[in-house]
Amino acid sequence: MNKGLFITLEGGDGSGKSTVALKLKEALEKKHSILHTREPGGSKIAEAIRRIILDPANTLMDAKTEALLYAASRRQHLVEKIIPALNEGQLVLCERYVDSSLAYQGYARKLGIDYVKRINEMAIENYYPDLTLYLKIDPALGLERLGTRSDKDRLDQESLAFHKAVFEGYEEVIKLDRKRFEIIDASQSLKQVVSDCLRVIEARFDV
């Protein structure tokens, strides 16, 4: 692999993105230099914005404020971490990216997917992933998985109806760029989910 490769993991809360990303990093770093990162966050400034967005105390946050904060965090993360890593030929594994904003704020918050996409176009300047692995899971099962967490953030605590809307939002977002997405059944065992993801990555790219 001579140039950087940008892979994102998307999915509703409880779909296992963080755990799967760690396992993919372990498998892929045997051959390649990997940047494993996340959104919102990934850099000092972006992480500070993350704390504001996800603080359970911030229940009065306006939907447009939320969307703008995500875009601001994304911009800082992109220029500070992702772009330099890609320029160095690294494989970037990022938990969440612009598609999350389209599904969560665009669809579930009812701001409009096109509206939120326009906000983010300034932030990302056409830096779209080469591949997006969508970890698909029934929202009720995802929330059931979150049930044991002691550190639920503001979005984790949203209603099942909200998470169902996020699920529907992802279905719409995938239609916008179908070739970029690979849908992975996240209700399977962790081992099988990771295996399916690796198979897709290896089939698409020379890694």
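Residues numbered from 1 in each chain as written. Predicted model: local features only at pLDDT ≥ 70, side-chain atom pairs only at ≥ 80, totals over all residues. Heavy atoms only, no water.

### Details of helix H6 (residues 139-146)
The α-helix winds at 3.6 residues per turn, so residues separated by three or four positions along the chain end up facing the same way.
Argument step 1. Three or more residues of H6 are buried, namely Pro139, Gly142 and Leu146. The arc that holds the buried residues of H6, viewed along the axis, is 60°, so those residues lie on one side.
Argument step 2. Along its buried surface, H6 packs onto helix H7 (160-176). (Buried < 20%, exposed > 50% of the residue type's maximum accessible area, 1.4 Å probe, protein only. Helix = DSSP H or I, 4+ residues; strand = E, 2+ residues; numbered from the N terminus. Arc of directions from axis to C-beta. Contact = heavy atoms within 4.5 Å.)

### Brief notes about the packing of helix H1 (residues 17-28) against helix H8 (residues 190-204)
Argument step 1. Two numbers describe how H1 lies on H8: the axes approach to 10 Å, and their chain directions differ by 55°. By the angle between their directions, the pair H1 and H8 is classed as oblique. As H1 packs across H8, the resulting crossing turns out to be right-handed. Touching Thr19, Val20, Lys23, Leu24, Ala27 and Leu28 of H1 are Leu190, Val193, Val194, Cys197, Leu198 and Ile201, all from H8.
Argument step 2. Classifying every residue of the contact of H1 with H8 by side-chain character gives ten nonpolar, one polar and one charged. (Axes fitted to C-alpha atoms, helices over the stretch in contact; angles between N-to-C directions. Parallel < 35°, antiparallel > 145°, perpendicular 65-115°, else oblique. Left-handed = near helix turned anticlockwise from the far one by under 90°. Nonpolar A, V, L, I, M, F, W, Y, C, P; charged D, E, K, R; others polar.)

### Quick word on the packing of H6 against H7
Argument step 1. In contact at an axis separation of 9 Å, H6 and H7 are set at 125° when each is read in the N-to-C sense. Accordingly, the angle class assigned to the pair H6 and H7 is oblique. Of the two possible hands of crossing, H6 and H7 adopt the one that is right-handed. Facing H6, whose interface residues are Pro139, Ala140 and Leu143, H7 presents Leu160, His163, Lys164 and Phe167.
Argument step 2. Residue composition of the contact of H6 with H7, by class: five nonpolar, one polar and one charged.

### So, H8
Argument step 1. Taking 1.5 Å of rise per residue, 15 residues should cover 21 Å, and H8 covers 21 Å from first to last C-alpha, within 8% of that figure.
Argument step 2. Along H8, the residues classified as buried are Val193, Val194, Asp196, Cys197, Leu198, Val200 and Ile201.
Argument step 3. Considering only its buried residues, H8 is in contact with strand E1 (5-10), H1, strand E4 (131-136) and strand E5 (181-185). (Expected span 1.5 Å × (residues − 1).)

### Concerning the packing of aromatic side chains
Argument step 1. Taken as a whole, this structure holds four aromatic pairs when the rule is applied.
Argument step 2. Centre to centre, the rings of Tyr104 and Tyr170 are 6.4 Å apart; their planes meet at 90°, and the pair counts as edge-to-face. In this pair, Tyr104 sits in helix H4 (residues 98-108) while Tyr170 sits in helix H7, placing the two residues 66 residues apart along the sequence.
Argument step 3. Here the aromatic cluster, defined as three or more aromatic residues joined through ring pairs, consists of Tyr104, Tyr134, Phe162 and Tyr170.
Argument step 4. It is Arg74 that lies over the ring of Tyr97; its NZ or CZ is 5.7 Å from the centre. (Phe/Tyr/Trp six-rings, centres within 6.5 Å; stacked < 30°, edge-to-face > 60°. Lys NZ or Arg CZ within 6 Å of the ring centre and 35° of its normal.)

### Things to note about the sheet that holds strand E2 (residues 34-38)
Argument step 1. Taken in spatial order, the five strands line up as E2-E3-E1-E4-E5 in an open sheet, and their pairing is parallel. For this open sheet the edge positions go to E2 and E5, each flanked by a neighbour on one side alone. Ignoring strand direction, the axes of neighbouring strands in this sheet form an average angle of 20°.
Argument step 2. Where E2 and strand E3 (residues 91-95) come together, five bridges link them in parallel fashion. Each residue of the ladder has a partner; that of Thr37, found in E3, is Cys94.
Argument step 3. Against the sheet, H1 touches E1, E2, E3 and E4, its axis set at about 165° to E3.
Argument step 4. Each of E1, E4 and E5 is contacted by H7, which is oriented at about 150° to E4, the strand it contacts most. (Pairing = 2+ DSSP bridges.)

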